[in-house]
Amino acid sequence: MLVNLHVKNFAIIDQIDVDFGKHLNILTGETGAGKSIVIGSIGIALGARVSPEMIGKNGEYAMVEIVFHIEDKETIQQLRELDVELEDGQIVISRKIMENRSINKINGTTVSVSLIRRVAALCIDIHGQHEHQSLLRKERHLEIVDEYAGKPCAALRERIGKRYKDYKKLEQELSQDTMSAEERARQKGFLEYEKQEIESASLQQGEIEQIDDTYRLASRAGVILETLNTVHQLCSETAGGAVSRGLQHLQGIADADATVSGLLEELLEIESLLGDFNREISEHMSDVTFDENELRDMERRLDCIHNLQNKYGRSYDEIMEHLRKVDEKLLQLDDYENYCQTRREQLGAWRTELEGECAKLTELRRKSSAQLQKKIAQALEELNFAHVDFEISLEQKENMTADGWDDIEFRIATNPGEPCRSLGKIVSGGELSRIMLAIKSVFADTDHIETLIFDEIDAGISGRTAQKVSEKMSLLGSKHQVICITHLAQIAAMADTHFVIEKAVSENQSLTQIRPLKREEMEEELARILGGMEITEAVRQNAKEMKVLADNCKSYMK
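Residues numbered from 1 in each chain as written. Predicted model: local features only at pLDDT ≥ 70, side-chain atom pairs only at ≥ 80, totals over all residues. Heavy atoms only, no water.

1. Section: the overall build of the protein chain
Within the protein chain, the secondary structure is distributed over 19 helices and 15 strands. Projected onto its principal axes, the C-alpha positions of the protein chain cover 120 × 90 × 40 Å. Buried residues in the protein chain amount to 43% of all 558 residues. The contacts in the protein chain between residues at least 6 apart in sequence include a share of 70% that link residues at least 24 apart. Total accessible area on the protein chain is roughly 30700 Å²; 48% of this is exposed by carbon and sulfur atoms. For the protein chain, the distance from the average site of its 69 positive side-chain charges to the average site of its 99 negative ones is 9 Å. (Helix = DSSP H or I, 4+ residues; strand = E, 2+ residues; numbered from the N terminus. Buried < 20%, exposed > 50% of the residue type's maximum accessible area, 1.4 Å probe, protein only. Contact = heavy atoms within 4.5 Å. Areas by Shrake-Rupley, 256 points an atom, 1.4 Å probe, with all protein chains shown as cover. Lys, Arg positive; Asp, Glu negative; His and termini not counted. Charge placed at Lys NZ, Arg CZ, Asp CG, Glu CD.)

Here you go:
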């Protein structure tokens, strides 16, 4: 669940810190108070695009940070597959937004925005107007049916997707693989040249690395010998002679001065070290050889190897893999007709396999669609879609795809006697939001995403419908953490945790603030929503009664 939201210097938010509760969290406030900015800041934290103009006036950057506490084992495993480990059961996502860039972190480690989006998709589901509108796309309907069908459907889709990719690749290759005898001869000659060039080089495993190192040393052998010889002369003749003469002088006075005796011992040690150094450098000089003929042989071998690398691969393994493919292609060209026939038979076998798997997928979707149709229809009735007729249409596409050959569409009739038609031709924006709520309530028991956010869920509804929506929201909140912005008292009354968003206006700026409400404050906020300009005692009493009824309703639902 979403535990905490911290926002600093974002739009008209100076700084807010919100601790969300379990179950149903309600956010209310006057129009223009900044409710959409608060929800927008959550979206920014989850990887949404942000404009530098959204940085506030109180600094050079904006900061948005959210904290999730994750308990679901499947979600934890999926996070681990993304190399994201929980710390004390939590994930902290932060984004520091500057004028030209942003710094994105998960649990203190800098990450890409794409990783944040993938992590967010496992932790939270945001339903605003855009998400509601996605119900108008038939592709989304297929996704919902497959999600309801569960793991067996996911496994089938994965197998079909992989085999379909192989099938289409082979189909394309066969459509292009129509070489004439002359073309085959030309290609065969080119391949035989490549084969001969690689094989005649007699390349050995590890040779590329070894000869590079050997040549590097051999090519500088002359410089190395010259330098070592210079150093040896300096240390053996110049420095050695000077040390010997110094010893002779000190030995003459060592008996007369104790300090000089100590200096003599030090100089004797220097003479010994210098002698050891001269012997070692002399031995190394004898090991370094410089043979111009050998160097030229290595250069020719390197030229040969670099030529192979430029044509066939940077490493020994890559070059040998290219040779293997050349041999394979030559065999194909030698028996071209049989090769093409074998590939056509392979294509046919894969087609048969795909048709069988797609038939299984269609049957699974048909069964799941029938069950899902009944549940969504029931949920819609509970959301005050009177006499609703909802159906999930499943038809076969003309051509197979990586998702099978099923064309799935949600259709609805909201008035008795009308035929079911596409959602886009029947429902309004407010009705779309209720349909999405119905779908999410059906998935409440199986959905592993712990946190759901609903924005604009109350668009175009009032009265009895609003009451039904509030009851469904509370029921959904009993199994998930739900965060909802609303303008309706019926929905706000169901809050387990209630926040009010306010705008503080001064001479220079307007700032958005958010605070949790106590029980008495919840009733006062309900009265504000109900009463408009003037809040009378009767309105307050109505708000208090509405809150009691909501409590009783939640107790009944549990």
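2. Thoughts on the environment of Val 326
Relative to the assigned elements, Val 326 resides in helix α12 (residues 316-334). Between the alpha carbons of Val 326 and Asp 14 there is a distance of 66 Å; along the sequence they are 312 residues apart. Excluding residues within four positions of it along the chain, Val 326 makes contact with Leu 191, Glu 194 and Lys 195.

3. Overview of the sheet that holds strand β5 (residues 90-97)
Whether parallel or antiparallel, the strands of a sheet pair through hydrogen bonds between backbone atoms. Strand order in the open sheet formed by six strands is β2-β1-β4-β5-β6-β7, with antiparallel pairing between adjacent strands. The sheet terminates laterally at β2 (13-19) and β7 (109-110), the two strands that pair on one side only. Here six bridges tie strand β1 (residues 2-10) to strand β4 (residues 62-69), and the two strands are oriented antiparallel to one another. In the sheet register, Lys 8 faces β4, and the bridge partner there is Met 63. In the packing of helix α1 (residues 35-45) onto the sheet, the strands contacted are β1, β2, β4 and β5, and the crossing angle to β1 comes to about 100 degrees. Across the sheet, helix α3 (residues 113-123) touches β4, β5 and β6 (102-106), and the angle it forms with β6 is around 45 degrees. (Pairing = 2+ DSSP bridges. Axes fitted to C-alpha atoms, helices over the stretch in contact; angles between N-to-C directions.)

4. Describing the pattern of salt bridges
On inspection of all chains with the given rule, the structure shows 31 salt bridges. Between Asp 166 and Arg 163 there is a salt bridge, and its shortest N-O distance comes to 2.9 Å. Taken together, the positions of Asp 166 and Arg 163, both in helix α6 (residues 151-176) and three residues apart, correspond to about one turn of that helix. Accessibility expressed as a relative area gives 22% for Arg 163, which makes it partly exposed. With its nearest N and O atoms 2.1 Å apart, the salt bridge here joins Asp 276 to Arg 279. Residue Asp 276 and its partner Arg 279 are both found in helix α10 (residues 258-287); the two are separated by three residues, about one turn of the helix. According to the relative accessible area criterion, Arg 279 is partly exposed, its value standing at 49%. Put simply, Asp 146, Arg 157, Arg 365, Asp 403 and Asp 406 are held in one network by salt bridges that share partners. (Salt bridge = Lys/Arg side-chain N within 4 Å of Asp/Glu carboxyl O.)

5. Looking at the environment of Ile 426
Counting through the fold element by element, Ile 426 comes out in helix α14 (residues 423-426). Spatially, the C-alpha atom of Ile 426 lies 33 Å from that of Leu 526, the residues being 100 residues apart in sequence. Non-local contacts of Ile 426, meaning those with residues more than four positions away in its chain, are made with Ile 412, Thr 414, Arg 421 and Glu 431.

6. What to know about the nonpolar core
In terms of nonpolar packing, the biggest core is built from 56 residues, with Leu 372, Leu 380, Ile 435, Phe 454 and Met 473 touching the most fellow members. Here this core takes seven residues from helix α15 (residues 429-442), the largest share from any one element. (Core = buried A, V, L, I, M, F, W, Y, C linked by side-chain atoms within 4.5 Å.)

7. Description of the sheet that holds strand β13 (residues 481-485)
Strand order in this open sheet of six strands is β8-β12-β13-β3-β14-β15, and the pairing throughout is mixed. Whereas interior strands pair on both sides, the edge strands pair on one side only; in this sheet they are β8 (124-127) and β15 (510-516). Averaged over neighbouring strand pairs, the angle between their axes works out to 15 degrees when direction is ignored. Where strand β12 (residues 451-454) and β13 come together, four bridges link them in parallel fashion. The residue of β13 that forms the bridge with Thr 451 is Gln 481.

8. Details of the packing of aromatic side chains
Taken as a whole and assessed by the stated rule, the structure comprises three aromatic pairs. For the ring pair Phe 20 and Phe 499, a centre distance of 5.5 Å and an interplane angle of 65 degrees mean the geometry is edge-to-face. Here Phe 20 is found in the loop between β2 and β3 (24-29), whereas its partner Phe 499 is found in strand β14 (residues 497-505), with 479 residues between them in sequence. Phe 499 matches Phe 20 in its accessibility class, with the two residues each being buried. Their ring planes at 85 degrees and their centres at 5.9 Å tell us that Tyr 148 and Phe 443 sit as a pair that is edge-to-face. (Phe/Tyr/Trp six-rings, centres within 6.5 Å; stacked < 30°, edge-to-face > 60°.)

9. Structural notes on the pairing of strand β9 (residues 389-401)
For β9 and strand β10 (residues 404-413), the ladder comprises nine bridges, and the chain directions are antiparallel. Across the sheet, residue Thr 401 finds its bridge partner in β10, namely Gly 404. Linking β9 to β10, which pair antiparallel, is a turn of two residues.

10. Let's talk about the packing of α15 against helix α16 (residues 463-477)
Running from N to C, α15 and α16 point in directions that differ by 30 degrees, and their axes come no closer than 10 Å. The pairing of α15 with α16 is recorded here as roughly parallel in orientation. The two elements α15 and α16 meet at a crossing, and its hand is left-handed. Across the interface between the two elements, Arg 434, Leu 437, Lys 440 and Ser 441 from α15 touch Thr 465, Val 469, Lys 472, Met 473 and Leu 476 from α16. Each residue belonging to the contact of α15 with α16 can be placed in one class, and the counts come to four nonpolar, two polar and three charged. (Parallel < 35°, antiparallel > 145°, perpendicular 65-115°, else oblique. Left-handed = near helix turned anticlockwise from the far one by under 90°. Nonpolar A, V, L, I, M, F, W, Y, C, P; charged D, E, K, R; others polar.)

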